[in-house]
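Summary of the model geometry
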Amino acid sequence: VDWTGTYPNTPDPGLAALRDIISHLIDLPIDYYFMVNMEGFVDVIDAIGGVDVMVTEPYHVAVSAPSEDSPKARVNVEPGMNHLTGLEALAYSRWRIGSSDYDRMKRQRCLIRAAADQADPFTLLRSFHTLADVIERSVVTDVPLVFLPDMVDVLGRVNLDTITTVGLVPPRYNSGRTPGGYPIPDVSRIRAKVAEVVAGGGAEAGAATADECGM
C-alpha cells in the first residue's frame, strides 16, 4: 500500500503516515518531516569536520555502503572520546549485532547530540555550500519552500542546551508484548513523559541524556 490516496500532496506518503502515528503517540502536533538518506548523513558529518563521540565499548565493525559508489562504512574505536568521520559515524550508529535496537538508538541519540553541539555557526557558515548540496540531493521533506527562510532564522536562535532527547524504550514505556515478542507502547506513560518534558522537565531530562552519553 503506497497511501497516495490518504496522503496525495506529499513527496513520501509513508513518511507522512509515520509522522501522524508518532504525533498521535506523543500527543503533540508534528507539522512537517525531514528525511536524510544514509549518503547525506555521511556527507553532513564530513561537512562539519567529523564528530567527537564518547564511546563506551569497543566497536570494530563494518556495515553496508551508503551508496553504490561508496566503500563499506567501517569503524574501529575503543572506549573513550573518539573522532569519527562520516563513514565511521554511520557504522557506529547503525551496528546492532550483539546488542539491540535500543542500544543502537541510544548511540544514534548521542551521536546526533554531539554533532549538534559541535556544529557552531562558524562551522555551518563555512560548510554552507556543501550542506546546501547535501540538502538538495539527499533530503526528502514536505516543508513548503516559502517557509525555509523563516526556519533558518528560527534555527539560528535555538539554544542547543535546551534540546532534550528521551528514550521511550522498554521496560518503562511498554505495557506488555505481542505474541511475536514485540513491545506494546504504554501510550499514557509515553504521553505523560512527553508532557513533563515540554512543561519544564527539559533540564532534568537533558542532564539524563548527557549522562547516558558520557558527557
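Check the entry above for the structure.
Residues numbered from 1 in each chain as written. Predicted model: local features only at pLDDT ≥ 70, side-chain atom pairs only at ≥ 80, totals over all residues. Heavy atoms only, no water.

What about the nonpolar core?
Here is the rule: Here, nonpolar core means buried Ala, Val, Leu, Ile, Met, Phe, Trp, Tyr and Cys residues that are tied together by side-chain atoms lying within 4.5 Å of each other. Whether a residue is buried, partly exposed or exposed follows from its accessible area with a 1.4 Å probe, protein chains only, as a fraction of its type maximum: under 20%, in between, or over 50%, in that order. Each helix is a run of DSSP H or I of at least 4 residues and each strand a run of E of at least 2, with the numbering of both proceeding from the N terminus. By the convention used here, residues are in contact when the closest approach between their heavy atoms is within 4.5 Å.
Within the largest apolar cluster, 21 residues are counted, with the highest numbers of intra-cluster contacts made by V51, V53, Y59, V75, L84, Y92 and L111. Residue contributions to this core peak at four residues, all from helix α3 (residues 86-94). Excluding residues within four positions of it along the chain, V75 makes contact with Y59, H60, V61, L84, E88, A91 and Y92.

Examining the packing of α3 against helix α4 (residues 101-118)
As a reminder of what qualifies: Angles shown run from 0 to 180 degrees and are taken between the N-to-C directions of axes, each axis being a line fitted to C-alpha atoms and, for helices, limited to the stretch in contact. Three classes are used: nonpolar for Ala, Val, Leu, Ile, Met, Phe, Trp, Tyr, Cys and Pro, charged for Asp, Glu, Lys and Arg, and polar for all others, with Gly counted as polar.
Following both chains from N to C, one finds α3 and α4 inclined at 145 degrees, their axes separated by 7 Å at the closest point. Within the contact between the two elements, α3 uses A89, Y92, S93 and R94 and α4 uses R104, R107, Q108 and L111. When grouped by side-chain class, the residues that make up the contact of α3 with α4 number three nonpolar, two polar and three charged.

Focus: the environment of R94
Operational definition: A 3.5 Å cut-off defines polar contacts: any pair of N or O atoms within that distance qualifies, except that in protein one atom must be a possible hydrogen donor and the other a possible acceptor, and neighbouring residues in sequence count only when both atoms are side-chain atoms.
Within the secondary structure, R94 is located in helix α3. Under the relative-accessibility criterion, R94 is labelled partly exposed at 26%. Spatially, the C-alpha atoms of R94 and A73 are 9.5 Å apart, while their sequence positions differ by 21 residues. When residues no more than four places from it in sequence are discounted, the contact partners of R94 are M38, V63, S64 and R104. A polar contact of 3.1 Å, which involves the side chain of R94, links it to the side chain of S64.

Distances and angles like these do not, on their own, reveal function.
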